[in-house]
Amino acid sequence: MTPGEKRKAAFRAMSLEKRYPRILARTLDGVDDPGIIAEIERLGRFLLGAEPFAAAENIADPAWAALHAAHDGRHADEIGFLELEYLAFEGILRAHRYETRRIDPFAADKAMDIGAGLARCETLFEKIGSVPEALRASLLGNAHDASQLVIQTGGMLLDPEALALPEGAERIDIICDNAGEEFLADLVLAGVLLRAGAERVRLNLKAMPWFVSDVTCADAEAVFAVAAMGEGPADGLCATLLAAREEGRLVLEADPLWTRPLGFTGGHLAAALGPDRGAVILKGDLNYRRAVDDLSIDVFTPFADLPEGPDRPLLSLRSVKSHCWVGMTRAIWPEGIDPDAFPTDGTVFMAQAIPGRGRESA
Ligand SMILES: O=P(O)(O)OC[C@@]1(O)O[C@H](CO)[C@@H](O)[C@@H]1O
């Protein structure tokens, strides 16, 4: 095994033994429906290798149908980690009969005092004087992933110079990640960009609950509903966001790609973003993995040497919470950290510019 393969195997084993049982169990808090409990328990046995995967029938989405068909009858150890994770999260929604019940199984993990959070963001919005500072706040917000065993808010910030958007970027996409504190920080970023004159900011949300705490349209609308109660200053964050939404400068969208079992290479990302050629901010660890096809190789491999790359240039903002990390240089690599076995617990935060391959829509 190469060091990268070893790193991925260790992260996978830790996730399946420690994180996933906790994620599954939390979705059952307060649930007494025996059908849901039995299905979640069955999913748990599959993830731990005790039972094979049983494909569902009549899946409308071809990407999910293909994933189910490819792994029907297989045991977890015969399935790549990212695909296994996709099956786990789709399996949670299926077990909770999300399509008909429409109850978010992760709602408890996303619950927060939105009013208090927005009040803190108003202060932050007033204090932040530049786009790089707002990018930094958004990056630090990525700590708030409820699927983690421990949320690491303090840590090491590598390469602060990379906290920048391309010169003249006026149309900006933020591919959002977690709800709660991270989404609030993303709203501060959106507000700062709009205040600086951005022509359009698009917040890309999830069409369904995803990887525990990812922000869905319903989560975002709950924040906008509180913002509309009008407690902030007239030139403050809430007022800026609401006015921009009204004018069509702030757009909320949930393309299906964000919750399909596909990467951001090979034209998929280009299709989701459409013809717009603005700057794209990619939030979080899972999105990073999807942008580089979940490779686990030498961290110093240049992006240009990867077999695949995202269709568009991206500014990734994430705390490192997996085996996946490439495109580093020795000049910025932190002393004392083993590049073959770096921390995957979210203690390292960094911005990284990932070049695009210029692919058109698939
Ligand atoms: O995308 P986020 O919220 O920054 O992190 C997602 C995450 O917690 O879940 C994935 C599944 O194990 C990993 O990529 C990572 O550990």
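Residues numbered from 1 in each chain as written. Predicted model: local features only at pLDDT ≥ 70, side-chain atom pairs only at ≥ 80, totals over all residues. Heavy atoms only, no water.

Under an unreviewed UniProt entry, the name given to the chain is DUF89 family protein, and the organism recorded is Arsenicitalea aurantiaca. What the UniProt record of the chain gives under Cofactor (unreviewed entry) is the line "Mn(2+)". A UniProt comment under Sequence similarities (unreviewed entry) is attached to the chain, and it reads "Belongs to the damage-control phosphatase family. Sugar phosphate phosphatase III subfamily." (UniProt positions renumbered as here; feature names shortened; annotations may be inferred.)

Q: Any details on the pairing of strand 7 (residues 348-354)? Residues and values, ideally.
A: The two faces of the sheet receive side chains in turn, since in a regular strand these alternate between them. Burial runs high along strand 7: 6 of the 7 residues are buried. With 3 bridges joining them, strand 1 (residues 156-158) and strand 7 adopt parallel strand pairing. Across the sheet, residue Met156 finds its bridge partner in strand 7, namely Val348. Here strand 6 (residues 314-319) pairs with strand 7 via 6 bridges, running antiparallel. Along strand 7, the bridge assignment pairs Leu315 with Ala353. (Buried < 20%, exposed > 50% of the residue type's maximum accessible area, 1.4 Å probe, protein only. Helix = DSSP H or I, 4+ residues; strand = E, 2+ residues; numbered from the N terminus. Pairing = 2+ DSSP bridges.)

Q: Could you give an account of the UniProt feature "domain: Damage-control phosphatase ARMT1-like metal-binding" (unreviewed entry) in the chain, with specific residues and numbers?
A: Under the UniProt annotation, the feature "domain: Damage-control phosphatase ARMT1-like metal-binding" (unreviewed entry) is placed at residues 166-329. Here residues 166-329 is 30% helix and 15% strand, with 20 Å between the C-alpha atoms at its ends.

Q: Quick rundown of the packing of helix 1 (residues 3-27) against helix 4 (residues 81-95)? Include the residues and the values.
A: The axes of two packed helices give the description: the angle between them and the distance between them. Taken N-terminus to C-terminus, the directions of helix 1 and helix 4 make an angle of 5°; their axes are 12 Å apart at the nearest point. With respect to helix 4, the axis of helix 1 lies roughly parallel. When helix 1 is examined against helix 4, the residues Lys8, Phe11, Arg12, Ser15, Leu16, Tyr20, Ile23, Leu24 and Thr27 are found in contact with a partner set consisting of Phe81, Leu84, Glu85, Ala88, Phe89 and Ile92. (Axes fitted to C-alpha atoms, helices over the stretch in contact; angles between N-to-C directions. Parallel < 35°, antiparallel > 145°, perpendicular 65-115°, else oblique. Contact = heavy atoms within 4.5 Å.)

Q: A description of the pattern of salt bridges should follow, citing residues and the corresponding values.
A: Applying the stated criterion across every chain yields a total of 24 salt bridges. A salt bridge links Lys8 to Asp294; the nearest nitrogen and oxygen atoms lie 3.3 Å apart. On the criterion of sequence distance, the pair formed by Lys8 in helix 1 and Asp294 in the loop between helix 13 (285-291) and strand 6 is long-range, its members being 286 residues apart. In this structure Asp294 comes out as buried when scored by relative accessible area, which is 4%. Note that Glu181 is salt-bridged to Arg120, the shortest N-O span being 2.6 Å. With a gap of 61 residues between them, Glu181 in helix 9 (residues 181-195) and Arg120 in helix 7 (residues 114-127) connect regions that are remote in the sequence. What makes Glu181 partly exposed here is its relative accessible area of 30%. Given a relative accessible area of 45%, Arg120 falls into the partly exposed group. Salt bridges linked by common partners bring Arg171, Asp173, Glu199, Arg200, Arg202, Glu253 and Asp276 together as one network. (Salt bridge = Lys/Arg side-chain N within 4 Å of Asp/Glu carboxyl O.)

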